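Here is what each chain is made of, one letter per residue.
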Amino acid sequence: MPEPRFPAIRMRRLRAKPWSRAVVAENTLTPADFIWPLFVVEGENKRVPVASMPGVERLSVDLVAAAAQEAAALGIPVIALFPYTDPKLKTDDGREAFNPDNLVCRAVRAIKKAAPGIGVLCDVALDPYTSHGHDGLLVDGYVVNDETVDALIKQSLVQVEAGCDIIAPSDMMDGRIGAIRAALEQAGHKNTLLMAYAAKYASAFYGPFRDAVGSAKALTGDKRTYQMDPANGDEALREVALDIAEGADMVMVKPGMPYLDVVRRVKDTFAMPTFVYQVSGEYSMLMAAIERGFLDRHRVILESLLGFKRAGADGILTYYALEAAKLLRAG
């Protein structure tokens, strides 16, 4: 049969009313789609604005616990924690990452006490703890793989023992998912989830985050020997396949908006729980335009997040999580 044409088909009919647009919407956004990254700092009742991320603050442990309660009340299912480590505690080997009473571990325990129903995700990488700012151990100017994996296992175990629900290795070392999974099993943590930063690119969009965790000034060189080349898409599928085979429960693409094609390919290829990180540079880029009045704040926040869902993401790590959840609740 010939395809119907105008005027028999008028595509605008379904766009004419709010209710008709709603009833045929292909994708929806809810607070349950969000993971809210929080930056933790030493102190009590302490808020420290992150200059390069307008509206984002480093919070002391007590305020992180209160933020988790607010998030849980809005239906946000998971908090992600990133520490601002005292420079005096940073060492070449990042040993503060293995301290069971470090900032992240104390924050995990406080969240679990204040909001026991919310999930806690902990980043696994050494960059907040190393004096050189790299995600792993540096030997003769090169981040060594296998020795770093051993360190990441130790970091993962102290986080899980503090109460962390989701271990999220962001380091991009080869073999770390399998090694961490084996260590968790051996230690009896059989139900701990692993979210692999499976396709993490060596991106220019991470700058504000490095300010937030205090690694920007410390970083020597760059991270291109372990993070992925932005030119590559097929390689991302290989990375994801390896992490799934090694025991990842969920996979992530990072950054988000410049890599929507990768999100779609990952979801279509593996049909795995697929997450995306709307990283600090994306957040700050939008905020710069919002603050200058170039973009409508509420509309552009929700549109940017909905774009990740349309690309195939099951969930989104976003600094807009709390604000977006409030907007969605308000209708």
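In this text the structure is predicted, and so the values were computed from the model without any measurement.

Conventions and cut-offs
Residues numbered from 1 in each chain as written. Predicted model: local features only at pLDDT ≥ 70, side-chain atom pairs only at ≥ 80, totals over all residues. Heavy atoms only, no water. Helix = DSSP H or I, 4+ residues; strand = E, 2+ residues; numbered from the N terminus. Buried < 20%, exposed > 50% of the residue type's maximum accessible area, 1.4 Å probe, protein only. Expected span 1.5 Å × (residues − 1). Arc of directions from axis to C-beta. 1 Å grid on protein atoms, 1.4 Å probe; cavity = no way out; pocket = protein on both sides within 12 Å on 5 of 7 lines; lining within 4 Å. Points joined across faces, edges and corners; volume = space filled by probe spheres on them. Phe/Tyr/Trp six-rings, centres within 6.5 Å; stacked < 30°, edge-to-face > 60°. Lys NZ or Arg CZ within 6 Å of the ring centre and 35° of its normal. Core = buried A, V, L, I, M, F, W, Y, C linked by side-chain atoms within 4.5 Å. Contact = heavy atoms within 4.5 Å. Pairing = 2+ DSSP bridges. Right-handed = clockwise from strand over helix to strand, strands pointing away. Patch = residues over 30% accessible without salt bridge, like charges linked within 9 Å, V, L, I, M, F, W, Y side chains within 5 Å. Areas by Shrake-Rupley, 256 points an atom, 1.4 Å probe, with all protein chains shown as cover. Salt bridge = Lys/Arg side-chain N within 4 Å of Asp/Glu carboxyl O. Lys, Arg positive; Asp, Glu negative; His and termini not counted. Charge placed at Lys NZ, Arg CZ, Asp CG, Glu CD.

J.: Just give me the short version of unusual backbone geometry, but keep the residues and values in it.
T.: Residue proline 7 follows phenylalanine 6 across a cis peptide bond; omega there is 10 degrees. With respect to the element layout, proline 7 can be found in the segment before helix H1 (18-23). Despite not being glycine, asparagine 45 has its phi angle at roughly 50 degrees, a positive value. With respect to the helices and strands, asparagine 45 occurs in the loop between strand E1 (34-40) and strand E2 (47-49). For asparagine 45, a relative accessible area of 58% corresponds to the exposed category. Look at alanine 271: it is not a glycine, yet its phi comes out positive at around 50 degrees. Along the chain, alanine 271 falls in the loop between helix H8 (260-270) and strand E11 (274-278). For alanine 271, a relative accessible area of 63% translates into the label exposed.

J.: Could you give me a rundown of helix H7 (residues 234-246), with the residues and numbers involved?
T.: Between its terminal C-alpha atoms H7 stretches 19 Å, which fits the 18 Å expected from 13 residues at 1.5 Å a residue. Those residues of H7 not exposed but buried are Ala236, Leu237, Glu239, Val240 and Asp243. All buried residues of H7 fall inside an arc of 160 degrees around its axis, so they share one side. In H7, those exposed residues whose orientation departs by more than 90 degrees from the buried face are Asp234, Arg238 and Ala245. Where H7 ends, the next residue or the one after it, glycine 247, has phi of about 120 degrees, a positive value.

J.: Go over empty space enclosed by the protein with me, naming the residues and quoting the values.
T.: All told, the structure shown has two cavities of 30 Å³ or more when counted by the stated rule. In this structure, the largest cavity spans a volume of roughly 130 Å³. Along the walls of the largest cavity sit 17 residues, with Asp127, Lys200, Tyr206, Phe209 and Lys254 positioned nearest its centre. Each pocket or cavity is described by its volume, and for the second largest cavity that value is around 70 Å³. Together, Glu42, Pro83, Tyr84, Thr85, Asp86, Leu89, Glu96, Asn102, Leu103, Val104, Arg106 and Tyr129 line the second largest cavity.

J.: Give a description of the packing of aromatic side chains that names residues and reports values.
T.: Tallied over the full model, the rule gives nine aromatic pairs. Pairwise contacts between aromatic rings join Phe39, Phe82, Phe209, Tyr277, Tyr283, Tyr319 and Tyr320 into one cluster. A cation over a ring is seen here: arginine 58 above tyrosine 84, with NZ or CZ 4.1 Å from the ring centre. A cation over a ring is seen here: lysine 154 above phenylalanine 98, with NZ or CZ 4.3 Å from the ring centre.

J.: Tell me about the nonpolar core, and please be specific about residues and values.
T.: Core analysis: the largest hydrophobic core is formed by 110 residues, its most contacted members being Trp36, Phe39, Ile79, Leu81, Met195 and Tyr277. In this structure, isoleucine 79 is in contact with Ile35, Trp36, Leu38, Ala68, Ala71, Ile111, Ile118, Gly119, Val120 and Leu121, ignoring residues within four places of it in sequence.

J.: Which residues make up the pairing of strand E8 (residues 166-169), and what values go with them?
T.: Here E8 shows no split at all, with Ile166 and Ala168 on one side and Ile167 and Pro169 on the other all buried. Sheet topology places strand E5 (residues 119-124) next to E8; four bridges connect them, and they run parallel. When the sheet's bridge partners are listed, aspartate 123 is paired in E8 with alanine 168. Direction of pairing for E8 relative to strand E9 (residues 193-200): parallel, over a ladder of two bridges. In the strand pairing of E9, isoleucine 167 is matched with leucine 194. Chirality of the crossover, the property in question, places the unit of E8, helix H5 (residues 176-186) and E9 among those that are right-handed.

J.: Explain the environment of alanine 196 to me, using residue names and the numbers behind them.
T.: Residue placement: alanine 196 occurs in strand E9. On the accessibility criterion, alanine 196 (0% relative accessible area) is buried. C-alpha of alanine 196 to C-alpha of leucine 327: the two residues are 131 residues apart in sequence and 29 Å apart in space. Residues within four places of alanine 196 in sequence aside, it is in contact with Pro169, Ile177, Asp243, Ala248, Met250, Val251 and Met252.

J.: Account for a negative patch on the surface, naming residues and giving values.
T.: Among the surface-exposed residues, Asp146, Glu147, Asp150 and Asp174 lie close enough to one another that they form a single negatively charged patch. Considering the arrangement of structural elements, one finds aspartate 150 in helix H4 (residues 145-162).

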